[in-house]
Every structure is written in structure tokens, then in C-alpha cells.
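Structural characterization, general
Residues per chain, in single letters:
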Amino acid sequence: MRLFTLFLLLIAFYVNASSITIDGTIFSKGNNTPLPFVNISLKGTYNGTVSDADGNYKLKIPPNKEYTICFSCIGFESKEIKQSLLEQNPNIVLKPSVVPISEVVVMPDSTLRSFLRKAYNLIPENYPDVPTSYEVFHRGGIQNNKKEYFRLNEAVLQAYKPSYKNKADGTIEVLKTRKYNEVEQSDGFRYVYYGGLHRIHRDDEVKNREDYLKPHKDYNYDLVGQEYYNNRKVYVIAFRPKQDKNLRYTGKFYIDVKSLGYIKVELKPTAKWIEERYNDLLGIHRDIKAKDFDFVVNYNIQDSIFYYQSSYYKERLVHRDSTYYSISENVVTSMQKDSVDKIPFQQQTPITYVPTLEATEYAQSNWKDYATMPNAIEIDTVVAKELFNTSAPKPNKKETLLKTLNRLEVVWGVGYSDYSMQASHINLAYKHLNFSKQLDGASSALNIEQLILYKFTPYHGIGYKLNLSLGDAYYYTGNALCYNLRLPIKTVGKNIYGNFSVGYSWRNFGQGLGTSNSDAEFKFGGKKFNTDKVRAFTGLKEHGYETGFNLMVQLKALWYLNVGANYFWANKSQETIYMKEAKGVFRTQANEALNQDDISYQIDGVDSGISGVTNNNWSVSAGISMCF
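Residues numbered from 1 in each chain as written. Predicted model: local features only at pLDDT ≥ 70, side-chain atom pairs only at ≥ 80, totals over all residues. Heavy atoms only, no water.

Remarks on the overall build of the protein chain
When helices and strands are tallied, the protein chain shows 10 helices and 33 strands. In the protein chain, which comprises 628 residues, the proportion classed as buried is 48%. Just so you have it, the protein chain exposes about 30,800 Å², and 52% of that area is on carbon and sulfur atoms. (Helix = DSSP H or I, 4+ residues; strand = E, 2+ residues; numbered from the N terminus. Buried < 20%, exposed > 50% of the residue type's maximum accessible area, 1.4 Å probe, protein only. Areas by Shrake-Rupley, 256 points an atom, 1.4 Å probe, with all protein chains shown as cover.)

Rendered as C-alpha cells:
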């Protein structure tokens, strides 16, 4: 009997502990059309969702409490309904709000711009002045001309958003992700994208202080209407570029009259955007053309503060006379504003993250407690394709390549290596070649630096560095294979990292001794030279250990400024003569030890077995890196 009672208690606990999910559709009263982007919230909490572009919604409600659910949409009267009633009838009808003719306002341009400038200046007061944390449901993918997804990824994210006092970007962590790929259609549509999971930050037009909100001198503004939102009066402001200004966006934004907070922003492209999108982004796929997009970002009001609630982006693409749609949606399902911690560096998801490479197959996922948008794909359809009983497909060559690229960083820069040689007159003779050079002393060599780094984890990686001399005044080639330890200094806003490296290096460098004419073929350093002019250098060939420190400062998205310094300890050194052809694209070059019998070397008329060049062992560099 006790076991039976315990069994009943466990069942009751499980039922009460499970969240409740309500699916429904929101309509406009009168014409019965679906209402997109309706804010839906649990009264007295920061939990909720938003209806999708077709007016459908999926609301997850915590257990053990009866909530009141609030539905709010610009231009419609708000509605509150008890949870028990909503469960019985999840379809909601909202009544359009009516603005009395006596409330209609007309503003001259100067007054309107003053109003907009005040709203812009009040952003730090109207939006969170402390960091906030959001749980976000993300959906991104490609639809065909029937509005059916043939490529889809969904993710649950934790997002950290800094205070609205500045424009600093936030960070995200992917908690869960899944994907669906209709191979037959996907193979004919070569389009790879990344960064969509970060749209919760990129789409936040208010935090990013976009130019058209300021107001900007290059835009025209019009007060085109008044609406109501949660019984609060809202001004509808339309903007468009001035006729002689080649700008990217046109659209509308909605401002709460009482507090001057932005509630909603809508964007459409100009011809300028379409041109740049094709050239800059889609240029790698010349058979895909961007034609149009719709963008909406919504904010919600809680305790007189405006919070990011959702964003929706739908881009129309044309490929081989067929229309496709690239879609990205983000919906905040819960928000925390008290004692919010930053996402640890090792858990942050980089902007280069490609969700389709890491996600679980759609049919093999169980998202009953996560999905907060209506299903994009019916599970029955997926099951019919027998995906439930098949193992996840092995990564193809393209996916394997993308995973590898996703871990790479490439650095291009200029290095400065310090060495010294006293002022002296150098004579070098080898076979029929003679070099004579009066040196005034030398102390440095500029070189091109290239580094490829492969990251095993956010902290650890291994890199290969190559340095090549600039010009013919000196000879320098440097190679290093290094372990790299990355330490985050600043991970919110413009990222700053410190990199410590240690490894093994081998390098050749020498001071230029000018050129000598050659009238015969000869061998040097095991290589055959057949040229009329040869250039020579005197210096060192060294092997040893290298350590360094490098500072990375983010410039934009994937691009960083790099500044660093290195120190070298030689454990093997050889006095060396270098020769290379003076002309040509692919020039033969070789080296031999200075103490070879067929080499005659003098410093100030005295035979010498040493070059006179000293490596001072340190170098500095500056450059630009790209993180794939």
C-alpha cells in the first residue's frame, strides 16, 4: 500500500513539475487576419513569447501557479486572459484601437526632429541601465517558393546584454541546437551562412544607436500616424533617405509618447542595400541575388523599462529563376536583470559558429521543454522519411572543411627584428664572384609576417609563423611552430585578448653586401645558379626557442588589430653566407657556412671566420587578423 501511495505521489509530482505549453493563433477582429509579432507575456513576470509572421504562437507556462496572460500589439487593444480559459480556447482575437480625431497631431519638421532627438537622448534612461540576461529561442533557415523549410536550424540561447548606456555588444551561449536539411533541395542551393545566432545583439537597433534614430541630417522624417499599445499612445514615424543620399534603409519606428521609448522598428532596403548585399555578401555565390527583405524588432515594457523582446528578418533571394527566403527569428522567453553574471569565456559562442555543423538532427531531438515557436516542420513528415531510425549522417567534405576553417585564425602583418653590425668594410669572394660593401652599421630588419593558428579550444591552439624580408638591403626568413595560450581581457563589446606563445624557431638573416656580375654557371649551397647577377648577404643561421606576447583588439566582427613582441634564445648558431639571384620572380637562393674553403671573407681587410652580425634576439610586430 505504501509503494502504491508513493507511486501516486511521484506521478502527481511529475505532472505538477512539467511546464504547460499552449499553441494558438491571434487574429484581428473584423477582417479575421492573423496578427504577427504580438507580444505575449505572463503578467508579473519577464517570461513570454511573440506570435510569428503568420500569427501563430507557442507559450510555455511554468507549473504550480495560475497565471494571467497578456496580449499586446501596436494598433490593437490589449487583452488579458486567465490561463485556464486560454487552455480551453487558445485562439485570441484582438480589437483594433481607435485614435479619436481630436488626438491627431501634426508636427512641422523642426518640431519632429527635436522630438526625435529627445527620444534618442533618453535611451539610457528608458532601457536597462544594468546588464541583463535572456533565454532566447532562435530559428533560422531557407524556405522554397512554397514557404516550406528545406534547411532549418533552431537553438536555445543564453544571451548576456550589457547596459544600454553604451553600444557595447553582448555575448551568447548555445544551450541546445537542432537542424533539418532536405538534401535534394539543399544540394541545388549553395548558400552557407553564419552569425545568425548573434542577431539578438545585431538586431537591437536601439542599443546599436542606428543613425536613422538620431535623427540624422541625411534622412527625411514624417509623423504618419498614432496608435495605442497597452493603452499608451504611440507615434508612428516614417523615415527615408533624402533624394541625393545613397543610404541603405527606409522604414518606420514607433515611439511611446509618454516616455519617448522605442517600442518597434521596421526596416526595408533601398537600392543601395541591394547593390552592396550582392557585391559584399552574396558575391561568392554569383548565381544568387538578393531582392528584398523585411525586418522587425520589438520591445516590451516592464516596470516602465523597455526590453528587447523579439526580432524577425526575412530576405527574398532569387536563384536560377526560383524564389527562396532566408529567415532568422529570435524570441525572448525569459529575462533576468538582477545580479546577472557574464557568460564565461570558454562557454561563449563565437560569431563564426555555424549551427548546422554542431546541431542534432531534427528528428532525433526532443524539445518539448524548449520549443517556444510553432513547429516549422511537422514531425510526422520527418518520421515518414524514416529519419527517426537512422543514425546521424557522417559529415560531408564541405562540413569537415567548414569545421576546420571555423577553428582557424590568420594574421597578416609587419615585423621589426633587431640585430646589429658595426661599421666596417666587407669583402667577399666566391669562385668568379666578388662583393665589396662599406657598411655604416645596421640595426634592424623589416619583414612581412604571416601566422596561421589552429584553435583546439577557446584557450589553446597551435600556430605556424613565417617571416620574409622586405627589400634587398638584408636577408631574413623566419619560421616558428608555437603553442598559443589565449587569455580573455575583455569579452563584452569590442573583445580584447592576450596571447602568450612558446615554441621552436628557425631563422636565417643577413646583412646585404650588394651584387656581383656572373658570366658563368656555378653551384652554391647545393643549388645551381645560371644568372648574370647575384646578390649576397652575410649573417647567421640559428635554431632555438621563442616566446612572445600578443594583444588582440577587435575592430569589427571577424577582424582584429594585433600588436606583439617576441624574444628568441638560440641553441644552435652558424656563421653563414647567403646568395640569391638578383632578378626574376622565382629566384634561386641558397646558403653555405662562412668557413668553407672556397669562401674568402674579410672585415676591414682582415680575414675573418665570423660574419660580424649579432642577433639582439627581440622583435615586434603589428598586423590584422581574421578569425574564420
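Considerations on the pattern of salt bridges
Applying the stated criterion across every chain, the model contains 27 salt bridges. Measuring nitrogen to oxygen at the nearest pair gives 2.8 Å for the salt bridge that ties Arg-178 to Glu-154. In this pair, Arg-178 is assigned in strand S10 (residues 171–181) and Glu-154 in strand S9 (residues 149–161), connecting sequence segments 24 residues apart. Classification of Arg-178 by relative accessible area gives buried; the value is 5%. We classify Glu-154 as buried; its relative accessible area is 0%. Note that Arg-232 and Asp-256 form a salt bridge whose closest N and O atoms lie 2.9 Å from each other. Linking Arg-232 in strand S12 (residues 232–241) with Asp-256 in strand S13 (residues 249–256), this pair joins segments that are 24 residues apart in sequence. With relative accessibility at 0%, the residue Asp-256 sits in the buried group. The network of salt bridges with shared partners includes Arg-139, Glu-154 and Arg-178. (Salt bridge = Lys/Arg side-chain N within 4 Å of Asp/Glu carboxyl O.)

Overview of the sheet that holds strand S1 (residues 20–28)
The sheet built from three strands is open, its strands ordered S4-S1-S7 with mixed pairing. Of all the strands in the sheet, just strand S4 (56–61) and strand S7 (92–94) have a single pairing partner and so form its edges. Taken over all neighbouring pairs, the strand axes of this sheet differ in orientation by 35° on average, direction set aside. Direction of pairing for S1 relative to S7: parallel, over a ladder of three bridges. Looking at the pairing, Ser-28 lines up with Leu-94 of S7. (Pairing = 2+ DSSP bridges. Axes fitted to C-alpha atoms, helices over the stretch in contact; angles between N-to-C directions.)

Comments concerning the environment of Thr-477
Turning to its location among the elements, Thr-477 is positioned in strand S24 (residues 474–490). The spacing of Thr-477 and Asn-467 is 10 residues in sequence and 5.4 Å in space, taken between C-alpha atoms.

Here we look at the pairing of S13
As paired elements, S12 and S13 share six bridges and run antiparallel to each other. Residue Phe-239 lies in a different strand from S13, and its bridge partner there is Gly-251. Connecting S13 to the antiparallel partner strand S14 (residues 262–269) that follows it, the hairpin turn spans five residues, and Leu-260 within it adopts a positive phi of roughly 65°.

Here we look at the sheet that holds strand S5 (residues 68–72)
In space, the four strands of this open sheet follow the order S3-S2-S5-S6, with antiparallel pairing throughout. At either margin of the open sheet sits one strand with a lone partner, and together these are strand S3 (48–50) and strand S6 (79–82). Between one strand axis and the next, the sheet turns through 15° on average, direction left out of account.

Details of the packing of aromatic side chains
This structure, assessed with the given rule, holds 35 aromatic pairs. Between the aromatic rings of Tyr-221 and Phe-253, the centroid separation amounts to 6.5 Å while the plane-to-plane angle is 65°, which identifies the pairing as edge-to-face. One end of the pair, Tyr-221, is in strand S11 (residues 219–229); the other, Phe-253, is in strand S13, and 32 residues separate them in sequence. With respect to burial, Tyr-221 and Phe-253 carry one shared label: buried. Residues Tyr-430 and Phe-524 carry aromatic rings whose centres are separated by 5.1 Å and whose planes lie at 80° to one another, so their mutual orientation is edge-to-face. Note that Tyr-430 is positioned in strand S20 (residues 424–430) and Phe-524 in strand S26 (residues 522–524), a separation of 94 residues in sequence. On the basis of relative accessibility, which here comes to 1%, the residue Phe-524 falls in the buried class. (Phe/Tyr/Trp six-rings, centres within 6.5 Å; stacked < 30°, edge-to-face > 60°.)

Side note on the environment of Asp-303
In this fold, Asp-303 is placed in the loop between strand S15 (288–302) and strand S16 (305–319). Asp-303 sits in the exposed class, given a relative accessible area of 59%. Spatially, the C-alpha atom of Asp-303 lies 9.5 Å from that of Gly-44, the residues being 259 residues apart in sequence. Beyond its immediate chain neighbours, meaning those up to four positions away, Asp-303 contacts Tyr-46 and Lys-337. Side chain to side chain, Asp-303 and Tyr-46 meet in a polar contact 3.0 Å long. (Contact = heavy atoms within 4.5 Å. Polar contact = N/O pair within 3.5 Å; in protein donor to acceptor, adjacent residues only side chain to side chain.)

What about unusual backbone geometry?
Here the amide bond leading from Lys-214 into Pro-215 is cis, since omega sits at 5°, within 30 degrees of zero. Inspection of the secondary structure assignment puts Pro-215 in the loop between helix H6 (199–202) and S11. The phi dihedral of Ser-304 falls on the positive side, at around 70°, and the residue is not glycine. By the element assignment, Ser-304 lies in the loop between S15 and S16.

Comments concerning the nonpolar core
In terms of nonpolar packing, the biggest core is built from 55 residues, with Tyr-212, Tyr-221, Ile-237, Phe-253, Ile-255 and Tyr-262 touching the most fellow members. In terms of residue count, the dominant contributor to this core is S15 (seven residues). In this structure, Ile-255 is in contact with Phe-115, Leu-116, Ala-119, Lys-233, Val-234, Tyr-235, Ile-237, Leu-260, Gly-261 and Tyr-262, ignoring residues within four places of it in sequence. (Core = buried A, V, L, I, M, F, W, Y, C linked by side-chain atoms within 4.5 Å.)

A look at a positive patch on the surface
Taken together, the side chains of Lys-167, Lys-342, Lys-490, Lys-494 and Lys-556 present a region of like positive charge at the surface. Considering the arrangement of structural elements, one finds Lys-342 in the loop between strand S17 (322–336) and helix H8 (355–358). Overall, the relative accessible area of 54% leaves Lys-342 in the exposed class. (Patch = residues over 30% accessible without salt bridge, like charges linked within 9 Å, V, L, I, M, F, W, Y side chains within 5 Å. Lys, Arg positive; Asp, Glu negative; His and termini not counted. Charge placed at Lys NZ, Arg CZ, Asp CG, Glu CD.)

So, the side chain of Asn-566
Structurally, Asn-566 is set in strand S29 (residues 559–581). Residues within four places of Asn-566 in sequence aside, it is in contact with Lys-465, Ser-501, Glu-546, Thr-547, Gly-548, Asn-617, Trp-618 and Ser-619.

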